[in-house]
Amino acid sequence: MYPGGESGPYQYGEGYPGAAGQPPPPNYPQSPYPYQQPAPTPPYQPPVYPAPPAYQPQPVYPPQPAYPPVGYPPPAPPRSQRSSVLLVAGVALVAMLAVVGVAIFVVVKSGNKDNAGPNPPVATGSTTPSAGASPTKNPAPGDGLTVGSGPVHVDIYVDYGCPPCGNFEQAAGYDLSNYVTTKKITLSLHPVAFIDNQSKNQYSSRAAAAVACAYDGDKLLEYSQYLLEHQPAEGTAGPENSELISDGRALGLGNAFASCVNNGSKKSWVQQATSAANGNGVNSVPTAFVNGGKVDATKAAVVNAVTSAS
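Read on for a plain summary of the structure.

Cut-offs and rules
Residues numbered from 1 in each chain as written. Predicted model: local features only at pLDDT ≥ 70, side-chain atom pairs only at ≥ 80, totals over all residues. Heavy atoms only, no water. Helix = DSSP H or I, 4+ residues; strand = E, 2+ residues; numbered from the N terminus. Buried < 20%, exposed > 50% of the residue type's maximum accessible area, 1.4 Å probe, protein only. Contact = heavy atoms within 4.5 Å. Areas by Shrake-Rupley, 256 points an atom, 1.4 Å probe, with all protein chains shown as cover. Phe/Tyr/Trp six-rings, centres within 6.5 Å; stacked < 30°, edge-to-face > 60°. Salt bridge = Lys/Arg side-chain N within 4 Å of Asp/Glu carboxyl O. Pairing = 2+ DSSP bridges. Axes fitted to C-alpha atoms, helices over the stretch in contact; angles between N-to-C directions.

Details of the overall build of the protein
What the protein contains, in helices and strands, is 8 helices and 5 strands. Beginning at the N terminus, the succession of helices and strands in the protein can be written as α-β-β-α-β-α-α-α-α-α-β-β-α. Burial statistics for the protein: of 310 residues in total, 31% are counted as buried. Long-range pairs, those at least 24 residues apart, make up 79% of the contacts in the protein with a sequence separation of at least 6. Roughly 20500 Å² of accessible area belongs to the protein as shown, and the carbon and sulfur atoms make up 59% of that amount.

In structure tokens:
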């Protein structure tokens, strides 16, 4: 109520701005941010992953045999490594000779001081060769190059330019070497020169002569095996003497071997051994005999014959 008892322009509950059912005044301010409904959330879609590749089983390879077999002579190092090996060996040899020379000088000087009279005589006598050593350094050409001391005698005729001879060595070489080491056989190797004219530089006879030189240095089987495993192509020129010497030095052969090869000391022996082989009915290589009986030049035939004769 206003003074005087008159009612004001508005009664309680009537016409008040914002009251229910009343429009806002014309100049009523509007919100600059009208209310908006949020965008609907899309339904959940699980991720799609690519399928794993199909399982591929791994190939199973058979186990490889150990090489070289136990007891087999080790192959010579590659030619590219031999110069450094020989250089180191030469330096070591010179140093060793220097030490030995000093020791001999000291011993001789001491002996001259202690003994006023002449030196006592030195007892002489035959020496016993070591096990596996060559029985003779000058074998008859028809007897071949003999090693071992077993009860079964095996003869093998081989030409170092002959590919089948290389195949025979790869197949039966380890067994023959093992039989010699275990004193099961006495092995006579007959290096011949049947196909010397098929080589451009007479490799067959020169290689056979080098093998005879290696026999004198107690490296027969090692050197023979190396040459058969490193044969030149058939009908081509084989290694020259310098290479044959280098191969021998890599196996432990020294200056005596080198001189033997360079001088051709064993060439006449090879010619006589080839003639003797022809006289014994051997006209092809490789040829094998066990206790004088001819057998096929295969690993199976030789091993069976040795086993039966043992």
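From this point on, the discussion continues.
Brief notes about the packing of aromatic side chains
Taken as a whole and assessed by the stated rule, the structure comprises 2 aromatic pairs. Both rings, one in Tyr157 and one in Phe289, keep their centres 6.0 Å apart while their planes meet at 70°; by these two values the pair is edge-to-face. Residue Tyr157 is located in strand 2 (residues 152-158), and its partner Phe289 is located in strand 4 (residues 287-290); the two are separated by 132 residues in the primary sequence. What makes Phe289 buried here is its relative accessible area of 15%. With a centroid separation of 5.3 Å and 75° between ring planes, the pair formed by Tyr223 and Phe257 is classed as edge-to-face. Placement of the pair is Tyr223 in helix 4 (residues 220-229) and Phe257 in helix 6 (residues 255-263), with a sequence separation of 34 residues. For Tyr223, a relative accessible area of 0% translates into the label buried. The exposure class assigned to Phe257 is buried, which follows from its relative accessible area of 4%.

Notes on the environment of Val270
On the secondary structure map, Val270 appears in helix 7 (residues 267-279). Note: C-alpha distance between Val270 and Gly142 (128 residues apart in sequence) is 9.8 Å.

Brief notes about the pattern of salt bridges
Two side chains carrying opposite charge are able to pair once their charged atoms lie near each other. Applying the stated criterion across every chain yields a total of 2 salt bridges. In this structure, Asp175 engages Lys299 in a salt bridge whose closest nitrogen and oxygen atoms are separated by 3.6 Å. Highlighted residues: Asp175 in helix 2 (residues 163-181) and Lys299 in helix 8 (residues 299-309), separated in sequence by 124 residues. Of the charged contacts, one joins Asp216 and Lys266 as a salt bridge, the two residues approaching to 3.1 Å between their closest N and O atoms. Residue Asp216 is found in helix 3 (residues 203-216), and its partner Lys266 is found in the loop between helix 6 and helix 7; the two are separated by 50 residues along the sequence.

A few points about the sheet that holds strand 3 (residues 185-191)
Strand pairing within a sheet occurs via backbone hydrogen bonds; the two strands may be parallel or antiparallel. With mixed pairing, the 5 strands of this open sheet are ordered in space as 1-3-2-4-5. Of all the strands in the sheet, just strand 1 (145-147) and strand 5 (293-295) have a single pairing partner and so form its edges. Averaged over all pairs of adjacent strands, the angle between their axes in this sheet comes to 25°, without regard to strand direction.

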